[in-house]
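Structural characterization, general
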Amino acid sequence: MEFLPLFHNLRGSRVLVVGGGEIALRKSRLIADAGAVLRVVAPEIEAQLSELVVQSGGEMILRGYSECDLDGCVLIIAATDDEPLNAQVSRDARLRCVPVNVVDAPALCTVIFPAIVDRSPLVIAVSSGGDAPVLARLIRAKLETWIPSSYGQLAGLAARFRNQVKGLFPNVQQRRAFWEEVFQGAIADRQLAGQGAEAERMLIAKIAGEPPPETGEVYLVGAGPGDPDLLTFRALRLMQQADVVLYDRLVAPTILDLCRRDAERVYVGKRRAEHAVPQEQINQQLVALAKQGKRVVRLKGGDPFIFGRGGEEIEELAAHGIPFQVVPGITAASGCAAYAGIPLTHRDHAQSVRFITGHLKNGTTDLPWSDLVAPAQTLVFYMGLIGLPVICEQLIRHGRSADTPAALVEQGTTVNQRVFTGTLANLPQLVAEHDVHAPTLVIIGEVVKLREKLAWFEGAQATL
């Protein structure tokens, strides 16, 4: 190990930055964020850096570097494009035994700047010892996606009760076991879900020795329209800690594979007029599993609250006092339209959009047609494949032009996506000529004309 990772407390301390350009500015921002007082030395100092120095309560010295500039400084940064000058700064700092960083010159450094994931008070640093800084930044980017910003709030919660726990458990092994339970259990779940007050209440109860509730929890998770890359970070985190997963027909296998490997998987899919498990029974299953103390993911295609019957499920959970979280997903309308190259609104074509279910609870397509023929609006029909002929016929009958552009998206956002475009007059016939299967989405409006210009997803080849 060439460099020993350390975290340096700079708050209120003076740091010398030699250089007044863009490189010096980047380093100075990090230094200022750590609460240091900046001393910047350069013949010229750019405006943003000058402002940063003033904000830190520091000083600007508009001249060339002098060895006396190191006086009173606890850290030295050489950030110029003058290699001999940078080497001189490094030598002077070493002679004084003051830590020094020379930008892009690891051999001249006694300290280096890592790539940082800031979830204060939790801070993660990644370093390649200056040999591969781009690789370190790429790894940092991966960590950014894996570690939610709420982890900082979780660390802050622990900090507030650290002394209490230390007094309660004088043995370090006991304290470690206590915090492991906190960080891997329901308290952490509440904090990461944004329920800070509840997390704090539960931690206080745990410190007081109160027994934890035996009831588990249900997570209503929107799996999006099909592409696993469209899952939210929070959805993925909950999917990977669930004990049981209840999933729908519209959940892609590639998404289901991201759930915890040893989780029990229960299929509760539903087709039009063909329910593998009736909704009432799904509701009862969620309650029963949670009462067994299990963490249950109810995994739904799209978004749980947009034609996903999530509202009915949380009503049942609330009635039985079952804790739950709702994780929004990218609904099919936005996901499929984007992958098909069809903007749902556009200044020149549509100023509003309406989401409509293609069939009602009683299996009919009895919709407020007169409201759906207003100009400059986009219509998006969910579950509209079977009723497509009726939808197009009724819109024309109630005043929408037969030439209105229309599209049907099959298996949107996946590698099997197909898009059929036409008009209200001919789209039903076009779709009938192909072997089209749900899930599908129907988009009607002038915005469909933009597909020829804007389609980008390679799986979204037009069928005209």
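You'll find the protein entered in UniProt as Siroheme synthase, with Pseudomonas syringae pv. syringae given as the organism.

Omega for the bond connecting Ser-120 with Pro-121 falls within 30 degrees of zero, at 5 degrees, which places this linkage in the cis form. Within the element layout of this structure, Pro-121 appears in the loop between β6 (115-119) and β7 (122-126). Between Ala-438 and the following residue, Pro-439, the backbone shows a cis peptide bond with an omega angle of 5 degrees. Looking at where Pro-439 falls in the secondary structure, it is placed in the loop between α15 (427-432) and β19 (440-444). One non-glycine residue, Cys-97, lies in positive phi territory at about 60 degrees.

Let us now look at the UniProt feature "active site" in the protein. On the UniProt side, "active site" is annotated at positions that read Asp-248 and Lys-270 here. Relative to the helices and strands, Asp-248 is located in the loop between β9 (244-247) and α10 (253-256). Judged by relative accessible area, which is 13%, Asp-248 ranks as buried. Only 2.9 Å separates the side chain of Asp-248 from the side chain of Arg-298, close enough to count as a polar contact.

This paragraph deals with the UniProt feature "binding site: S-adenosyl-L-methionine" in the protein. In this structure's numbering, the residues bearing the UniProt feature "binding site: S-adenosyl-L-methionine" are Pro-225, Gly-301, Gly-302, Asp-303, Ile-306, Thr-331, Ala-332, Met-383 and Gly-412. Assignment of secondary structure puts Thr-331 in the loop between β14 (324-327) and α13 (332-340). Those residues within four positions of Thr-331 in sequence are excluded, and the remaining contacts are Gly-302, Asp-303, Ile-306, Phe-355 and Tyr-382. Residue position: Gly-412 is located in the loop between β17 (405-410) and β18 (418-423). Its relative accessible area of 4% is what places Gly-412 among the buried residues. Apart from residues lying up to four places away in sequence, Gly-412 is in contact with Pro-225, Cys-336 and Gln-417.

Definitions and limits used
- Residues numbered from 1 in each chain as written.
- Predicted model: local features only at pLDDT ≥ 70, side-chain atom pairs only at ≥ 80, totals over all residues.
- Heavy atoms only, no water.
- Helix = DSSP H or I, 4+ residues; strand = E, 2+ residues; numbered from the N terminus.
- UniProt positions renumbered as here; feature names shortened; annotations may be inferred.
- Buried < 20%, exposed > 50% of the residue type's maximum accessible area, 1.4 Å probe, protein only.
- Polar contact = N/O pair within 3.5 Å; in protein donor to acceptor, adjacent residues only side chain to side chain.
- Contact = heavy atoms within 4.5 Å.

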